[in-house]
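Breakdown of the fold
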Amino acid sequence: MLAASKKETPDLQEIEAFLYRETDLLDAGNLHAWRDLFTEDGTYWLPVSPDQDDPLGHISIIYEDKMMMAIRAENFGHRLAASMQYAVRSSHVLANTRLLESSADGSEIVVKSNFQTMIYYRIQSVYAGTCTHKLRREGSDWRIVQKRVDLINCDADHKSIVIYI
Amino acid sequence: MSYSQDRLDKLVEKNRVHRDVYTNPEVFKLEMERLWGRAWIYVGHESQVKQAGEFITTTIGTEPVVLSRDKSGQVHVLYNRCGHKGAKVAAQKCGKTSMFRCPYHGWSYHLDGKLNVVPHACGYDDTDFDMEDPQFSMQPVARMASHRGFVFASLAADGPNLKTFLGATIATIDNMCDRSPVGEVEVVGSSLPYMHDSNWKMFIENLNDAVHPMVAHASVGHSTRKVVDRLPEGAPTPREAEIISPFGGSYEFFDSLGCRTMPYGHSFMGGKGSIHSSYSEIPGYMESMVASYGQEKVDEILSQNRHNTTVYPSFTLKDAVQVARVCRPIAVDKTLVESWHFRLVGAPEEMLHRTITYSRLINSPASMVGPDDWDCYERMQDSLRSESAHWVDMRRFIGQEKSEGDVTVSPGTSDQASRNQYKAWNEYMTGEVS
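Residues numbered from 1 in each chain as written. Chains lettered and ligands numbered in written order. Predicted model: local features only at pLDDT ≥ 70, side-chain atom pairs only at ≥ 80, totals over all residues.

Right, let's get into the overall build of chain A. Along the backbone of chain A there are 3 helices and 6 strands. Beginning at the N terminus, the succession of helices and strands in chain A can be written as α-α-β-β-α-β-β-β-β. For chain A, the C-alpha radius of gyration of 17 Å lies close to 15 Å, the compact-globule estimate for 165 residues. The principal-axis extents of the C-alpha atoms in chain A amount to approximately 60 × 30 × 30 Å. The burial tally for chain A puts 32% of its 165 residues in the buried class. Within chain A, contacts between residues at least 6 apart in sequence are counted, and of these 53% link residues at least 24 apart. (Helix = DSSP H or I, 4+ residues; strand = E, 2+ residues; numbered from the N terminus. Rg over C-alpha atoms; globule rule 2.2 N^0.38 Å. Buried ≥ 20, exposed ≤ 12 C-beta atoms within 10 Å, placed from the backbone. Contact = placed C-beta atoms within 7 Å.)

Moving on, we come to the interface of chain B and chain A. Residue-level contacts link 37 residues of chain B with 31 residues of chain A. Sort the elements by how many residues they give to the side of chain B that touches chain A and helix α8 (residues 218–229) of chain B lands first, with 8 residues. For the side of chain B that touches chain A, the class distribution of residues is 19 nonpolar, 11 polar and 7 charged. (Nonpolar A, V, L, I, M, F, W, Y, C, P; charged D, E, K, R; others polar.)

On to the nonpolar core. Residues and elements named next belong to chain B. Core analysis: the largest hydrophobic core is formed by 121 residues, its most contacted members being Ile41, Val43 and Leu67. Tallying contributions element by element places helix α13 (residues 349–362) first for this core, with 6 residues. If you look at the next biggest cluster of nonpolar residues, it comprises 7 residues, including Phe254, Leu257, Phe268 and Met269. (Core = buried A, V, L, I, M, F, W, Y, C linked by C-beta atoms within 7 Å.)

Here we come to the confidence of the model for chain A. Interpreting fine coordinate detail is not advised for predicted regions of low pLDDT. Of the residues in chain A, 96% have a pLDDT of 70 or more, and the chain-wide mean is 95. Here residues 1–5 of chain A is modelled with pLDDT under 50, and outside its nearest four sequence neighbours on either side it reaches 0 contacts, counting other chains as well. (pLDDT = per-residue confidence, 0-100.)

Okay, here's the thing in structure tokens:
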């Protein structure tokens, strides 16, 4: 058998199904279950500059680890928050998913997809760009090591953004 | 119909202001002329134009301007307007160029704004056109001055000089710079912009409003505590929790910080203590500071800890965190707030990381703090349009001010910062500012 030496090619359909599951949880506003999709060292990154390469030494719109995701999940819809007294509804459309990188055994991969997301929060807004997922195989499922969202208007004069895109 | 002086004179009372100051487009227009057109307005930092030919574009009130550095190293603040037909010359937020060139008819300008070339100039032969006539240049604004790299400009030829204008707030700028082992700060990267659907004064007034945090920011305080409480016992407090938690501080805590107000509408809270006092130490920082200044001086520098210094009307600064928020009015109900981040030159890079973390958690349009403020401003902006709401109150702790020379001290939750801003506002708007 050649299987042992052959490079494992991750199944793109399976990856897409995982990404749909992830954005479904955002669209449902279920930030606790969404957070559970991340590895313990997982991060979510929404840069403010095109081609930004540093989340620590340069400002971003969002750069959060799992602890911050937990705080945001608690705060989402909080009855004491003025900004949370409105419906937040979103609809993600993902396409053009392609595999950028894969470790030799296929257990760590980087996939990039294009997205268009409508968010209804007081008014309806369109967000578009690419998301780059670094995924790690944990057991029979994937987990997110990093989700990076590059908006085509990342450096625009944004109003409040109250949910992950 | 333009706003009458008589109506204008009646907008500010000692303990309340009329809603027109937030909602009336004619009042906004007059503010741009009389307040933003006269006060020293923050333009940018010299580190943004380190090399000859570098420039940034911004606004003074609603006037587009360019901050540039010429070949001799001198910095200029110019109207971003072609002397020919008035087109905006530079469109990018920042860049580097050997000259400014209008993309319409090709008039080009030196970096100091002087007219350089007019294409097909024979058409001006036998006219009274003069290359040297300032009306055909990119004109410099009336006055510019800088303090430790922070560039301010005034569109008015007369008025106090920058140092007199800054008054006691100058110590906030100095302290921020002194927190660098070499006494210098520099801007890092691009700004974080946040568009507000509200009048510029709502943002400015909120900075020294210490009655709102325990209400408006209660949710993020609760959520943070809930998550931190789940951490294993003995685990160090995460930096994020250190930054967010004080926003849920008690009324007593904020009262104890005190509010200090001064001429021209400026103010700050705290002094020796603030919401930033209890941050943990960053390895290597103290050592680098002590090596530069000696322990005694370092203790003195780090003991100053102000919360939101407001240089009315455009510039707000946090010395202890090295973040500036700049207020850019766009319309009576539209304001751009830009956060800028500063590196303490010579300090460990982790100091910058804390600056960045702070701003992301507090100032970002996607933070869990800024959007709650945003929403409250927008609620005021919306409701003040209604005929049932005419006056906005500001009488908390009125009469309890104490004078310390040019500085007035009040309990932290006093409305004194607002009253002081409207005193200055009134002086600008009625033409009595000295």
